[in-house]
Amino acid sequence: MSIALFSSPPATHLPSPSSPHSTAKTQLALRHFISWRPKKQPPFWVFAENGAGSTSTAAIVEEDKAAAAEEKVSEDKKEESLGSNGSVAVDAAAAPAPVTAFQDPRWIGGTWDLTQFQKDGKTDWDAVIDAEARRRKWLQDNPESSNNDNPIVFDTSIIPWWAWIKRYHLPEAELLNGRAAMIGFFMAYVVDSLTGVGLVDQMGNFFCKTLLFVAVVGVLVIRKNEDIETVKKLLEESTFYDKQWQATWQDETSSSSMKD
Amino acid sequence: MASIALNLKTFVGLRPASPENNPITTLAKPSSTTTAARKQLRINAAKTSPKVTGRNLRVAVVGGGPAGGSAAETLAKGGIETFLIERKLDNCKPCGGAIPLCMVGEFDLPLDIIDRRVTKMKMISPSNVAVDIGQTLKPHEYIGMVRREVLDAYLRDRAATAGATVINGLFLKMEMPSSKTAPYCLHYTDYKAKTRVSGEKKTLEVDAVIGADGANSRIAKSINAGDYEYAIAFQERVKIPDEKMKYYEDLAEMYVGDDVSPDFYGWVFPKCDHVAIGTGTVTHKPDIKKFQLATRLRARDKIAGGKIIRVEAHPIPEHPRPRRLLDRAALVGDAAGYVTKCSGEGIYFAAKSGRMCAEAIVEGSENGKRMVEEGDLRKYLEKWDKTYWPTYKVLDVLQKLFYRSNPAREAFVEMCADEYVQKMTFDSYLYKKVAPGNPIEDLKLAVNTIGSLVRANALRREMDKLSV
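Residues numbered from 1 in each chain as written. Chains lettered and ligands numbered in written order. Predicted model: local features only at pLDDT ≥ 70, side-chain atom pairs only at ≥ 80, totals over all residues. Heavy atoms only, no water.

### Examining the overall build of chain B
From N to C terminus, chain B includes 15 helices and 18 strands. For chain B, the residues scored as buried account for 59% of the 468 residues in total. A sequence separation of at least 24 residues applies to 72% of the contacts in chain B between residues at least 6 apart. Element-wise, carbon and sulfur atoms account for 57% of the exposed surface of chain B, whose accessible area totals about 18600 Å². (Helix = DSSP H or I, 4+ residues; strand = E, 2+ residues; numbered from the N terminus. Buried < 20%, exposed > 50% of the residue type's maximum accessible area, 1.4 Å probe, protein only. Contact = heavy atoms within 4.5 Å. Areas by Shrake-Rupley, 256 points an atom, 1.4 Å probe, with all protein chains shown as cover.)

### Re the overall build of chain A
Along its length, chain A carries eight helices and four strands. Moving toward the C terminus, one meets the helices and strands of chain A in the order α-α-α-β-β-β-β-α-α-α-α-α. When burial is assessed residue by residue, chain A has 35% of its 260 residues classed as buried. For chain A, the proportion of contacts with a sequence separation of at least 24, taken over those separated by at least 6, is 66%. Roughly 15500 Å² of accessible area belongs to chain A as shown, and the carbon and sulfur atoms make up 64% of that amount.

### So, the UniProt feature "domain: FAD-binding" (unreviewed entry) in chain B
Within this numbering scheme, the UniProt entry marks residues 58-88 of chain B as carrying the feature "domain: FAD-binding" (unreviewed entry). Spanning residues 58-88 of chain B, this segment combines 39% helix with 35% strand, and its end C-alpha atoms are found 23 Å apart. (UniProt positions renumbered as here; feature names shortened; annotations may be inferred.)

### Things to note about the environment of F83 of chain B
Residue and element names in this part refer to chain B. Within the element layout of this structure, F83 appears in strand 2 (residues 81-86). Owing to a relative accessible area of 11%, F83 belongs among the buried residues under this scheme. Residues F83 and Y403 lie 320 residues apart in sequence; the distance between their C-alpha atoms is 42 Å. Once you skip the residues sitting within four places of it in the chain, F83 turns out to touch R58, V59, A60, V61, T165, I167, L204 and V206.

### Comments concerning the sheet that holds strand 7 (residues 143-146) of chain B
Sheet strands associate in pairs through backbone hydrogen bonding, adopting either a parallel or an antiparallel arrangement. Residues and elements named next belong to chain B. An order of 3-7-4 is seen for the three strands of this open sheet, with the pairing classed as antiparallel. Bordering the open sheet on either side are strand 3 (98-99) and strand 4 (114-118), each of which pairs with just one other strand. Relative to strand 7, strand 4 runs antiparallel, the two sharing four bridges. Residue pairing in the sheet places R117 in a bridge with G144 of strand 7. (Pairing = 2+ DSSP bridges.)

### A look at the confidence of the model for chain B
All names here are of chain B. With 88% of its residues at a pLDDT of at least 70, chain B reaches an overall mean of 85. The weakest mean pLDDT in chain B belongs to helix 1 (residues 2-17) at 38; the strongest belongs to helix 3 (residues 66-77) at 95. Note that residues 1-46 has pLDDT below 50 and, in this model, 61 contacts with residues that lie over four places away or in other chains. Both confidence scores are given for the complex: pTM 0.74, ipTM 0.71. (pLDDT = per-residue confidence, 0-100.)

### Remarks on the nonpolar core
Of all hydrophobic cores here, the largest spans 113 residues; its most connected members are L186 and Y380 of chain B. With eleven residues, the top contributor of residues to this core is helix 11 (residues 347-364) of chain B. Counting only domains with at least three residues in this core, you end up with domain 1 (41-97 + 148-225 + 322-398) and domain 2 (229-317) of chain B. Formed by 22 residues, the second largest nonpolar core is a distinct cluster that contains A127, I129 and A163 of chain A together with M463 of chain B. (Core = buried A, V, L, I, M, F, W, Y, C linked by side-chain atoms within 4.5 Å. Domains from an automatic or database assignment.)

### A short note on helix 13 (residues 406-416) of chain B
Most of helix 13 of chain B sits inside the fold, with eleven of its eleven residues counted as buried. When we look at burial in helix 13 of chain B, the residues that qualify are N406, P407, A408, R409, E410, A411, F412, V413, E414, M415 and C416 of chain B.

### Regarding the domain arrangement of chain B
Residues and elements named next belong to chain B. Each domain of chain B was delimited in the assignment, giving domain 1 (41-97 + 148-225 + 322-398) and domain 2 (229-317). Domain 1 and domain 2 are separated by 32 Å when their C-alpha centres are compared. Taken together, the contact between domain 1 and domain 2 spans 14 residues of the former and 13 residues of the latter. Interface area, domain 1 with domain 2, both sides summed: about 960 Å², of which 57% is carbon and sulfur. Counting the contacts that link domain 1 with domain 2 gives zero salt bridges. Linking domain 1 with domain 2 are four residue pairs in polar contact (both at pLDDT 80 or more). Tallied by class, the residues present in the side of domain 1 that touches domain 2 amount to six nonpolar, six polar and two charged. (Buried area = accessible area lost by both parts, 1.4 Å probe. Salt bridge = Lys/Arg side-chain N within 4 Å of Asp/Glu carboxyl O. Polar contact = N/O pair within 3.5 Å; in protein donor to acceptor, adjacent residues only side chain to side chain. Nonpolar A, V, L, I, M, F, W, Y, C, P; charged D, E, K, R; others polar.)

### Re the packing of helix 13 of chain B against helix 15 (residues 439-467) of chain B
Residue and element names in this part refer to chain B. It is at 8 Å that the axes of helix 13 and helix 15 come closest, and there the two elements cross at 140 degrees. Taken together, the axis directions place helix 13 and helix 15 in an arrangement best described as oblique. Crossing of helix 13 over helix 15 shows right-handed handedness. Here P407, A408, E410, A411, E414 and M415 of helix 13 lie close against helix 15, whose contacting residues are L445, N448, T449, S452, L453, R455, A456, N457 and R460. Residues of the contact of helix 13 with helix 15, tallied by class, amount to seven nonpolar, four polar and four charged. (Axes fitted to C-alpha atoms, helices over the stretch in contact; angles between N-to-C directions. Parallel < 35°, antiparallel > 145°, perpendicular 65-115°, else oblique. Left-handed = near helix turned anticlockwise from the far one by under 90°.)

### Details of the sheet that holds strand 5 (residues 120-124) of chain B
Residues and elements named next belong to chain B. Within the open sheet, the seven strands sit side by side as 6-5-13-14-15-12-16. Their pairing is mixed. The open sheet is flanked by strand 6 (130-133) and strand 16 (307-317), the only strands paired with a single partner. For this sheet the average axis-to-axis angle between neighbouring strands, irrespective of direction, equals 20 degrees. Where strand 5 lies against strand 13 (residues 251-255), five bridges are found, and the strand directions are parallel. From the neighbouring strand, M121 faces strand 13, where its bridge partner is A252. Lying on the sheet, helix 13 is in contact with strand 5, strand 6 and strand 13; it crosses strand 5 at an angle near 150 degrees.

### Thoughts on the environment of S127 of chain B
With respect to the helices and strands, S127 of chain B occurs in the loop between strand 5 and strand 6. S127 of chain B gets classed as buried once you look at its relative accessible area, which sits at 1%. Considered as a pair, S127 of chain B and P407 of chain B are 280 residues apart in the sequence and their alpha carbons are 9.9 Å apart. Ignoring sequence-local partners within four residues, the contact set of S127 of chain B consists of R135, R136, L139 and I152 of chain A together with E410 of chain B.

### Some points on the pattern of salt bridges
Considering all chains together, one arrives at 48 salt bridges over all chains under this definition. For E132 of chain A, the salt bridge identified is with R135 of chain A, shortest N-O distance 2.9 Å. Of this pair, E132 of chain A and R135 of chain A both sit in helix 4 (residues 125-141), three residues apart, which is roughly one turn of the helix. Taken as a pair, E132 of chain A and R135 of chain A share a single burial class, namely buried. The residue R310 of chain B makes a salt bridge to E312 of chain B at a minimum N-O spacing of 2.7 Å. Salt bridges here are not isolated pairs; linked through shared partners, they connect D126, D130 and R167 of chain A together with E462 and K465 of chain B.

Encoded structure:
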């Protein structure tokens, strides 16, 4: 049965919406090799999140494959329980097509072709970042095999540091500075109304300087309510391993008292 | 009586002298003033231990893996009457099988034990960015891949040649001694005795016990050592066609990603004539088969046409047991939980801890002339913690930092492309010393690490925006 299934030519990387069945069948053969357990195989990589045409087609193909695979798997289990520990020979000529590999006209040779990202004569780094995010999202939902013939050599460090700062750091910096300024103004007003000490004189006081420091650190570290718990857990986590190693030494005090 | 009082004192003396890495230990007794007297007391302890008359000290090593084999050899060479109890002499252990270069030298391993020398590694990120590492290795440096049954048998045979008695039997239970000089009574089923098919129940009386019986140690249960968290490592041995095997001639692969493992990595390691493909996890053990499928998917093109010849799984301890020592019974190797985080390496540490514990017993008993006591075995724990604590801690930090999430793993793989990182990693791995390194390069490395992490996390935020 396996040999007949490989009549379809080894697929290229293009998605083949016109022939979902042949792709499904080649995938079945792959399943024959891979899955030998009766447990249901949840189609855990099927997401229909963005409306991109190729994605939804791939989703359909995946679902077909997974559903068909479940019936196939129960047959396989019977076959293999006769044979030895799951050893199934797969036709060596088989090059089962990847479901649908990541496709993008700007993704060439395992990296982004920067010449296609030109805008006004300069590289549009924001578009590069978007494209890479899309690629990673695709791979997260549809993990692909790593192939030596098409190695991926993209390195995020080719995107210059100022592009990252402009896009991610600056908006957040604006937000945090805004918060700090609001807190600062409010506290300055409150302290002034309570004690009569003006802003310049407040800065000379040690206690006020401490409060200022605490406020700045607080704004930096605590961005959401959950961050308080996160910081506490981080502190505990960093010393947990040490405690586990020292457990045997703590034990010494109890064992010595028990000894005699 | 006087000796017992002196022994008590050495106990007390040991506590404040414990290495600086346990600030949490509450010191009930001060005594930082009598360091000289304490040192003297420590040496005197062995000298005032009751002499073992008419015979040498008897020690049983339960478990005949790398830890047990090297412990038994060191004990036998030190003149101690050694009994090595192993239940399956041809046990083919499921194991990655990687040993660092220093192990070959330190344990005088013959070179034909090593099936393959891995000199290249490929790290593959969640988005399939592949980075080759190993260019910084010198021609004589490699990671040795061994078959456990070959290595274990070699170490056991060497112990037997040195004078240890190898017993093919299954350890059942151990009776604790009634006093400081009374023996431990071990109950075991001897398989060699041909009287019954299922083996004959026998007992063995020894003065000290080394528990080298692995992750599910029974000795650990007998001394109430406590439990540890463990990872499940699942592995399939696959025989792939020769042309594909050539690619793995001296190359091992590591796959990271949430699909492959949420807190560990998937691997393809070359063995003698096949490859081992596996993955592991601590937190999501029921999903291990799913992770294995994902690992096979990622390596699909490279293992296409392969036949699964064996499926195996084993537990990997994540941290040491709360108690590694009680009276004159000590744990070594996986039984004690000496597997590193991040890489999950255990063979070298098992053998080394077995050797260290045996050395402590030999020294404390003056080559078998005197009875040992808990203080002598504690010295092995002290030495172990002091020598290898930095290694373990660094690997723990690396695991917490880089195996946390997909962005962290992407950053990890990006960092591995850096030559300095490769050099430091291999130096520490091959020679088991946390290499100091160049401060300027370290600074650059820190900056690059932060940069990679920031970029990867920024991309993740973009990815999250896409899914909404």
